[in-house]
Amino acid sequence: MIRASDIVIRYGAVQGPLSFSFADGECVMLRGRNGSGKTTLMKTLAGLLQPLSGTFEAGGEVILVPTRIPKVKGFTVAEFIRTGMLSEYGSFRRPGNDAEKAFENAMRMMELEVLAAKDISCISDGEFQIACIAAALTRKANVLMLDEPTAFLDVENRVMVLKTLQHLAHDTGVTVLFSTHDIHDGALYSDNVLCL
């Protein structure tokens, strides 16, 4: 669940006040022209920026997956996904059973077991975007936000990522908010639209 009441943000010009509410398990497309404040809104909802005014709540942890995470050679898909747990457990602490279950669930949910041992530099951009989503899922988010998750992807990979996001929302109850300029495909795989 994510709810905002009269929230005002600033990206160059002031944007708002914005009020909206999305339920658990909804997949929401965020659309707007370049410079309209989509990334700023997501950073605000993730707690990385402060709103100028207004309030918002998410009912739990909010994870923001930024656009264009680099595929650094030398990490397997499994190792990359485990990095999602470092912020919670630290670099030098061994994750416990709950963390291991979260990792296994994310791998299974995103159907990445077959890619687990592959170097991330050798998988497609679409597969890597799915791995980024899995890394975020290890942190047990209530709200998962993705900034342009289909940017730079070909048509097949765009559809795969969008389908995955909608299934994820419906199957887990996580509220998914993603920004995109691909309005046609985004509308096909979203339950609601937030326009800026």
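Counting restarts for each chain: residues are numbered from 1 in the order of the written sequence. A pLDDT threshold of at least 70 governs which residues receive local features in this predicted model, and a stricter bar of 80 or more applies before side-chain atom pairs are shown or counted, although totals over entire chains, interfaces and linings include all residues. Hydrogens are left out, water is left out, and the side-chain values use all remaining heavy atoms of the structure.

1. Re the overall build of the chain
Okay, so step 1: Secondary structure is summarised from DSSP: a helix means a run of H or I of at least four residues, a strand means a run of E of at least two, and numbering begins at the N terminus for each. What the chain contains, in helices and strands, is 7 helices and 8 strands.
Okay, so step 2: Throughout, radius of gyration means the C-alpha value; the globule benchmark is 2.2 Å times the number of residues raised to the power 0.38. Radius of gyration (C-alpha) of the chain: 17 Å, near the 16 Å computed for a compact globule of 196 residues.
Okay, so step 3: Across its three principal axes, the chain shows a C-alpha extent of roughly 45 × 35 × 30 Å.
Okay, so step 4: Counting only residues that meet the buried cut, the chain has 46% of its 196 residues in that class.
Okay, so step 5: Separation of charge centres in the chain, based on 19 positive and 23 negative side chains, amounts to 5 Å. A 1.4 Å probe rolled over the protein chains alone gives each residue an accessible area, and that area as a share of the maximum for its type sets the label: buried under 20%, exposed over 50%, partly exposed in between. Under the counting rule used here, the positive set is Lys and Arg, the negative set is Asp and Glu, and His together with the chain ends is not counted. In this description, the location of a charge corresponds to atom NZ of lysine, CZ of arginine, CG of aspartate or CD of glutamate.

2. What to know about the pattern of salt bridges
Okay, so step 1: What makes a salt bridge here is a side-chain nitrogen of Lys or Arg within 4 Å of a carboxyl oxygen of Asp or Glu, nothing more. As enumerated under the stated definition, the model contains 5 salt bridges in all.
Okay, so step 2: A salt bridge links Asp182 to Arg158, with the shortest nitrogen-to-oxygen separation between them at 2.9 Å. Separated by 24 residues along the polypeptide, Asp182 in the loop between β7 (175-179) and α7 (183-188) and Arg158 in helix α6 (residues 155-172) bring together distant segments of the chain.

3. Overview of the sheet that holds strand β2 (residues 13-22)
Okay, so step 1: What makes two strands pair is DSSP finding at least two bridges between them. Pairing is antiparallel in the open sheet, where 3 strands are placed in the order β2-β1-β4. The strands lining the two open edges of the sheet, one partner per strand, are β2 and β4 (53-57). Averaged over all pairs of adjacent strands, the angle between strand axes in this sheet comes to 30°, irrespective of strand direction.
Okay, so step 2: Bridging between strand β1 (residues 2-11) and β2 involves 7 bridges; their strand directions are antiparallel. In the strand pairing of β2, Arg10 is matched with Val14. To get an axis, a line is fitted to the C-alpha atoms, and for a helix only the part in contact is used. The angle between two axes follows their N-to-C directions and goes from 0 to 180 degrees.

4. Some points on the packing of aromatic side chains
Okay, so step 1: In this scheme Phe, Tyr and Trp rings, the latter by its six-membered ring, pair at centre separations within 6.5 Å, and the angle between planes marks the pair as stacked below 30 degrees, edge-to-face above 60, and tilted otherwise. Using the criterion set out here, one finds 2 aromatic pairs in the structure.
Okay, so step 2: Ring geometry for Phe80 versus Phe128: centroids 5.0 Å apart, planes at 45°, classification tilted. One end of the pair, Phe80, is in helix α2 (residues 77-82); the other, Phe128, is in helix α5 (residues 125-137), with 48 residues separating them in the sequence. Across the pair, Phe128 and Phe80 agree in class, each one buried.
Okay, so step 3: We call a charge positioned above a ring when the Lys NZ or Arg CZ atom is no farther than 6 Å from the ring centre and deviates by at most 35 degrees from the ring normal. Here the basic side chain of Arg82 rests over the ring of Phe103, its NZ or CZ set 3.8 Å away from the ring centre.

5. Focus on the environment of His184
Okay, so step 1: With respect to the secondary-structure elements, His184 resides in helix α7.
Okay, so step 2: Side-chain polar atoms of His184 contact the side chain of Asp185, separated by 3.4 Å. For this analysis, a polar contact is any N or O atom pair within 3.5 Å, provided that within protein one partner can donate a hydrogen and the other can accept it, and provided that sequence-adjacent residues contribute only side-chain to side-chain pairs.

6. Examining the sheet that holds strand β3 (residues 27-31)
Okay, so step 1: As summarised here, the arrangement of the 5 strands in space is β5-β6-β7-β3-β8, forming an open sheet in which the pairing is parallel. The sheet is open, and its two borders are formed by β5 (62-65) and β8 (192-195), each paired with just one other strand. For this sheet, the mean angle separating the axes of adjacent strands, direction not counted, is 20°.
Okay, so step 2: Pairing analysis gives 4 bridges linking strand β6 (residues 143-146) to β7, with the strands arranged parallel.

7. Concerning α5
Residues lying three or four places apart along an α-helix face the same way, a consequence of the helix completing one turn every 3.6 residues.
Okay, so step 1: Residue count minus one, scaled by 1.5 Å, sets the expected span of a helix. With 13 residues, α5 extends 19 Å between its outermost C-alpha atoms, agreeing within 8% with the 18 Å of an ideal straight helix rising 1.5 Å per residue.
Okay, so step 2: With respect to burial, α5 is a largely interior element, 11 of its 13 residues being buried.
Okay, so step 3: Every buried residue of α5 is listed here: Gly126, Phe128, Gln129, Ile130, Ala131, Cys132, Ile133, Ala134, Ala135, Ala136 and Leu137.

What is shown is where atoms sit, not what they do.
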